Amino acid sequence: MENENMSAAPLLSKSNPVFCCYLFWSSLLILKMLFMALLTARQRIKTKSFANPEDLRVGRCTDVRFNDPNVERVRRAHRNDLENVLPFLLMSLAYVACSPHPLTAKMLIRIGASARLLHTIVYAVLPLPQPTRAICFFITFGIVCFEAIYVIICSIKYI
Amino acid sequence: MENENMSAAPLLSKSNPVFCCYLFWSSLLILKMLFMALLTARQRIKTKSFANPEDLRVGRCTDVRFNDPNVERVRRAHRNDLENVLPFLLMSLAYVACSPHPLTAKMLIRIGASARLLHTIVYAVLPLPQPTRAICFFITFGIVCFEAIYVIICSIKYI
Amino acid sequence: MENENMSAAPLLSKSNPVFCCYLFWSSLLILKMLFMALLTARQRIKTKSFANPEDLRVGRCTDVRFNDPNVERVRRAHRNDLENVLPFLLMSLAYVACSPHPLTAKMLIRIGASARLLHTIVYAVLPLPQPTRAICFFITFGIVCFEAIYVIICSIKYI
């Protein structure tokens, strides 16, 4: 499972195409996560639901407001990203460092990242009936599990 | 504090046993974090507390429901992971890159990760009276603080 | 945009001053994030707002309590950190791996990290009127966007 020939060159560097692929998709996912904050702000202004007294002047409101369903939906989607995108990014980095098969690794990174981009669309932008969201969720979920088990097998003797 | 002899070989690579130890335990922690999502889903189905209208069909419910204590407990445990496991993983990676004493580093990673695994058990699976959870929490907390201070001392001249 | 001469030496190692600068500021930000947990605990004890039945004995309370505005403010600031500091740390790591111009990279890391430190102060410690918090937020936000676009351009051929 380990490719000893490759471990001479640093795997976490620009000379490794798998790491470059990881760089591209992780940047895209992080941009998307930042975009969630703007989406929340837009919903807060539209529904005049501000959580802090000092923010009220922005929307010319008189009182803080929680539990607006549109704001909460975007916030749930954002939290779901924290719970899944950040582990995906950290896990894929560890996985790339274990010199996996290059094509497999690149496909897993591409599919896992694309599924999360789609997940945001069907959750926060254009809510679709289930199981669309569940499928997107479990694609990345399964990929992270696979990567974790691969890395655990690679590094079990260093427990 | 810095081991200049070791800095020639890349520290963030499979040739460094400390990094391999980090890979093993971080994969285990990420697997555990993913498992929290399944635990939440199980509690949502058991207590019929779904947060999105499009999820209601799954549990044959008629209305969204928040604030179920069993669901909220798992969600608090999950959020606690986001607040502590992710910083632990990022901090330990930076710490490994500073070429710490190998045995110390491996022990800190092992103990810090094990404490978080235990934290989840006593918080979300089998709630135990305090201070069990607080002890687990502060073991990892202290280790991350130690690692952060070590790295800050190592890199202070690059401020 | 790529500095091929530098890609021979590992960029994610102590021999790269930009990476050392990243190590310093990321450790400081992680320490600050841990400090948020203590700030939450202090507010919980002060306002006797505990979220778990097993924690009640600590504050000699008889019932769990949610929605205390002081606790919720610190928790919102903490969540804002999860949503912004962790992406900043992961994105800056990827950015450093792309061999950016050293001085630019160091300035971006310093300014981005300092803005987050300030953000916590004006949000959770000493709430100031807007747009103080918004300015701090958008400085780091803009830096992460810039880093992401830089990395995407560097690695687009590995899509």
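Parameters at a glance
Residues numbered from 1 in each chain as written. Chains lettered and ligands numbered in written order. Predicted model: local features only at pLDDT ≥ 70, side-chain atom pairs only at ≥ 80, totals over all residues. Heavy atoms only, no water. Axes fitted to C-alpha atoms, helices over the stretch in contact; angles between N-to-C directions. Helix = DSSP H or I, 4+ residues; strand = E, 2+ residues; numbered from the N terminus. Parallel < 35°, antiparallel > 145°, perpendicular 65-115°, else oblique. Left-handed = near helix turned anticlockwise from the far one by under 90°. Contact = heavy atoms within 4.5 Å. Nonpolar A, V, L, I, M, F, W, Y, C, P; charged D, E, K, R; others polar. Buried area = accessible area lost by both parts, 1.4 Å probe. Salt bridge = Lys/Arg side-chain N within 4 Å of Asp/Glu carboxyl O. Polar contact = N/O pair within 3.5 Å; in protein donor to acceptor, adjacent residues only side chain to side chain. Least-squares fit on C-alpha atoms with pLDDT ≥ 70 in both. 1 Å grid on protein atoms, 1.4 Å probe; cavity = no way out; pocket = protein on both sides within 12 Å on 5 of 7 lines; lining within 4 Å. Points joined across faces, edges and corners; volume = space filled by probe spheres on them. UniProt positions renumbered as here; feature names shortened; annotations may be inferred. Buried < 20%, exposed > 50% of the residue type's maximum accessible area, 1.4 Å probe, protein only. Disulfide = S-S within 2.5 Å.

**Some points on the packing of helix α2 (residues 69-96) of chain A against helix α1 (residues 17-47) of chain B**
In the contact formed by α2(A) and α1(B), the axes pass within 10 Å of each other and the chain directions differ by 155°. Accordingly, the angle class assigned to the pair α2(A) and α1(B) is roughly antiparallel. Viewed along their axes, α2(A) and α1(B) form a crossing whose handedness is left-handed. From α2(A), A:N84, A:P87, A:L90, A:M91 and A:A94 reach across to α1(B), where they touch B:L23, B:S27, B:I30, B:M33 and B:L34. Here the residues of the contact of α2(A) with α1(B) are counted per class, giving eight nonpolar, two polar and no charged.

**Topic: the interface of chain A and chain C**
Listed as interface residues are 33 residues of chain A and, on the opposing side, 37 residues of chain C. The largest share of the area that chain A buries against chain C comes from A:K14, A:F24 and A:L34, three residues that together contribute 22% of it. Our enumeration of links across chain A and chain C arrives at zero salt bridges. On inspection of chain A and its partner chain C, the count reaches six residue pairs in polar contact (both at pLDDT 80 or more). Of the residues forming the side of chain A that touches chain C, the biggest block, 15 residues, is contributed by helix α1 (residues 17-47) of chain A. Residues belonging to the side of chain A that touches chain C are distributed by class as follows: 23 nonpolar, three polar and seven charged.

**A look at the relation of the copies chain B and chain A**
Once turned by 120° and shifted 0.0 Å along the axis, chain B lies on chain A with an RMSD of 0.0 Å. Expressed as a symmetry operation, the mapping of one chain copy onto the other fits a three-fold axis.

**Description of unusual backbone geometry**
Its identity as a non-glycine residue notwithstanding, A:S99 has a phi of 45°, on the positive side. You can see A:S99 is positioned in the loop between α2 and α3 (102-125).

**Describing the layout of surface pockets**
Estimates place the volume of the largest pocket at around 1600 Å³. Forming the walls of the largest pocket are 49 residues, and the residues nearest its centre are A:N67, B:N67, B:E72, C:N67 and C:E72. For the lining of the largest pocket, the per-class residue count stands at 18 nonpolar, eight polar and 23 charged.

**As for empty space enclosed by the protein**
Under the defined criterion, the tally for this structure stands at nine cavities of 30 Å³ or more. What the largest cavity holds in volume is close to 110 Å³. Looking at the lining of the largest cavity, the elements with two or more residues in it are α2 of chain A together with α1 and α2 (69-96) of chain B. In terms of residues, the lining of the largest cavity owes the most to one element, α1(B), which gives five residues. Residues of the lining of the largest cavity, tallied by class, amount to 13 nonpolar, one polar and no charged.

**Some details on the UniProt feature "transmembrane region" (unreviewed entry) in chain A**
All names here are of chain A. As annotated by UniProt and renumbered to match this structure, "transmembrane region" (unreviewed entry) occupies residues 22-41, 85-103 and 135-158. A distance of 29 Å separates the end C-alpha atoms of residues 22-41, which is 100% helix and 0% strand. End C-alpha atoms of residues 135-158 are separated by 35 Å, and the span's content is 88% helix alongside 0% strand.

**Regarding the pattern of salt bridges**
If you walk through the whole model with that rule in mind, you get nine salt bridges over all chains. We note a salt bridge from A:R116 to A:D81, for which the minimum N-O separation is 2.9 Å. A residue pair is termed long-range when its members are at least 10 positions apart, and A:R116 in helix α3 and A:D81 in helix α2 qualify at 35 residues. Assigned by exposure class, A:R116 and A:D81 land together as buried. Residue C:R79 is joined to C:E83 by a salt bridge in which the shortest nitrogen-to-oxygen separation is 2.6 Å. Residue C:R79 and its partner C:E83 are located together in helix α2 (residues 69-97), separated by four residues, close to a single helical turn. Taken as a pair, C:R79 and C:E83 share a single burial class, namely buried. Sharing partners across several salt bridges, the network here consists of A:K32, A:D81 and A:R116.

**Describing the state of the cysteines**
All chains considered together, the criterion is met by zero disulfides over all chains. With no disulfide partner, B:C98 has as its closest neighbouring cysteine sulfur the one in B:C154, 4.4 Å distant. Looking at C:C145, it has no disulfide partner, and the nearest cysteine sulfur is the one in C:C98, 16 Å off.

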